[in-house]
Every structure is written in C-alpha cells, then in structure tokens.
Amino acid sequence: MAAIIAFHTALVRVNSVVLAVGRSISWVLMAAMVAVILAQVFYRYVLNDPLSWPEEASLSLMIWMMALMAPTAYRWGGFVAIDMVSDLLPKLLQFILTFTLMAISGVVLVFLLNEAWTQFTSPILFNSSGLNRLLQDSGINQVLGTDFEFRAAYIYFAMVSCFAMMLSVNIELLLRKIGRTFASADEFAAPQQPDFMKSSAGAE
C-alpha cells in the first residue's frame, strides 16, 4: 500500500501542474479566439473585405481550448453525471460500480489515445493547412525571415494531448477510489479544486 500511496501522491502533483498549465493556456486561447472573431466582423462588415482564415483559426483555437480544459472537468466532476443509483447502493457496491465504470473509461481512453495518435501521425495531415493564409496576410515569415507553415496535424494533436491527460487523471481517480475504500482517506486526499469549479461536485 505504501507504494500505491507514493505513486498516487506523485501523480497528483504531476497532474496538478500539467492541468494548471493547460488551464492557463486555455484562457489565452479563448482571448485569441474572441480577437479573431472580432477581427473578422470588422473586416467583413466595416471594410467589406472578409479574411479567409478566421473561421479555421477560431475553430482550431476552440478545439485546443476544449482539449486543455476537459481533463480538469474530468478530475473534479465537471461533466454531467447521474449518481442517483450509486447513492442508493451500499458502500461496497458503490465501490464496485464506480471502479468498474472508471476502469471502462480507462480502456476507452487508451483506445481513443491510440486513434488520436494514428490520426496525428497520418502523412496527409502534415500537408499545409488553410491557416497558412494567415502567415501570408500578416507577413510574419517575411519579417522574421522564416518559412514556418501551419499543418493540420497541429490541430489534431489537441486530441492526443486531451486523451493523454484524461488517462492520467483516470489513473489518479482509480487509485484514490481504491485507497479511500481500503485504506485511509487522509492518505489519498483529493487535490484542491480551482476556484471556478468550487460550485461543482468534486470527484472522489
């Protein structure tokens, strides 16, 4: 049990840091998405000269924002859940039901992570993306003297990141469920919730 406690403690620390960084980046992505949308509104309705890249750019930013926030929601019970049946069961049956569902979720996440990696490494996704028009319009490459190109694979990597982080959180939740059922809740303490999620039910 000591090894499980040590591994759980280390995993909690790693997940806390990774998820905090992901949340910080997601706020920046949200601000960028709003700026891109407002820019398109200005160009379309004020200058009557719509840009070709804002739709793809805003969609890409939204995908990455979702991918970075989903693991946080999963860790602290931010997803929709129906726990009426579980609450009616004895403690042991509650553990069996919850553990089974978490284990199934873990298997599904492994499958999804593998599929996401397969898509990310697909050669066709490393062809140029429509977002390269942004580089042409902004003149970034000309100013910096670079030849950087956007790739569609960069967008698909959001799902690789999302499922990898969610799988790590899934393992943390499984260990905590086992530890709190068969050992001490103090030794398997849940991490502190972010302020914006404190109104949600915490994941056990």
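Whatever comes next refers back to the structure up there.
What about the overall build of the protein?
A tally of regular secondary structure across the protein gives seven helices and zero strands. Going from the N terminus to the C terminus, the protein shows its helices and strands as α-α-α-α-α-α-α. Against the compact-globule benchmark of 17 Å for 204 residues, the protein has a radius of gyration of 21 Å, which places it well outside the compact range. Overall, the C-alpha framework of the protein stretches about 65 × 35 × 30 Å when taken along its three principal axes. Expressed as a percentage of its 204 residues, the buried residues of the protein come to 36%. Partitioning the contacts of the protein with sequence separation of at least 6, the portion at a separation of at least 24 is 75%. Of the roughly 12,300 Å² of accessible surface on the protein, 69% is carried by carbon and sulfur atoms. One way to put it: in the protein the 11 positive side-chain charges average out to a point 7 Å from where the 14 negative ones average out.

Notes on the pattern of salt bridges
Considering all chains together, one arrives at three salt bridges under this definition. Close ionic contact of Arg-151 with Glu-149 constitutes a salt bridge, the shortest N to O distance being 3.3 Å. One network of salt bridges, in which partners are shared, links Arg-75, Glu-172 and Arg-176.

Considerations on the nonpolar core
Core analysis: the biggest nonpolar cluster contains 21 residues, and Tyr-74, Leu-109, Cys-162, Phe-163, Met-166, Val-169 and Leu-173 have the highest contact counts within it. Examining the composition of this core, we find that ten residues originate from one element, helix H7 (residues 152-182), more than from any other. Core analysis: the next-biggest nonpolar cluster, separate from the first, contains eleven residues, Val-36, Ala-57, Leu-61 and Leu-131 among them.

Description of a nonpolar patch on the surface
A contiguous nonpolar surface patch, about 690 Å² in accessible area, is contributed by Ile-37, Val-41, Phe-42, Tyr-43, Tyr-45, Val-46 and Leu-47. Here Val-41 shows up in helix H1 (residues 2-46).

Rules and cut-offs
- Residues numbered from 1 in each chain as written.
- Predicted model: local features only at pLDDT ≥ 70, side-chain atom pairs only at ≥ 80, totals over all residues.
- Heavy atoms only, no water.
- Helix = DSSP H or I, 4+ residues; strand = E, 2+ residues; numbered from the N terminus.
- Rg over C-alpha atoms; globule rule 2.2 N^0.38 Å.
- Buried < 20%, exposed > 50% of the residue type's maximum accessible area, 1.4 Å probe, protein only.
- Contact = heavy atoms within 4.5 Å.
- Areas by Shrake-Rupley, 256 points an atom, 1.4 Å probe, with all protein chains shown as cover.
- Lys, Arg positive; Asp, Glu negative; His and termini not counted.
- Charge placed at Lys NZ, Arg CZ, Asp CG, Glu CD.
- Salt bridge = Lys/Arg side-chain N within 4 Å of Asp/Glu carboxyl O.
- Core = buried A, V, L, I, M, F, W, Y, C linked by side-chain atoms within 4.5 Å.
- Patch = residues over 30% accessible without salt bridge, like charges linked within 9 Å, V, L, I, M, F, W, Y side chains within 5 Å.

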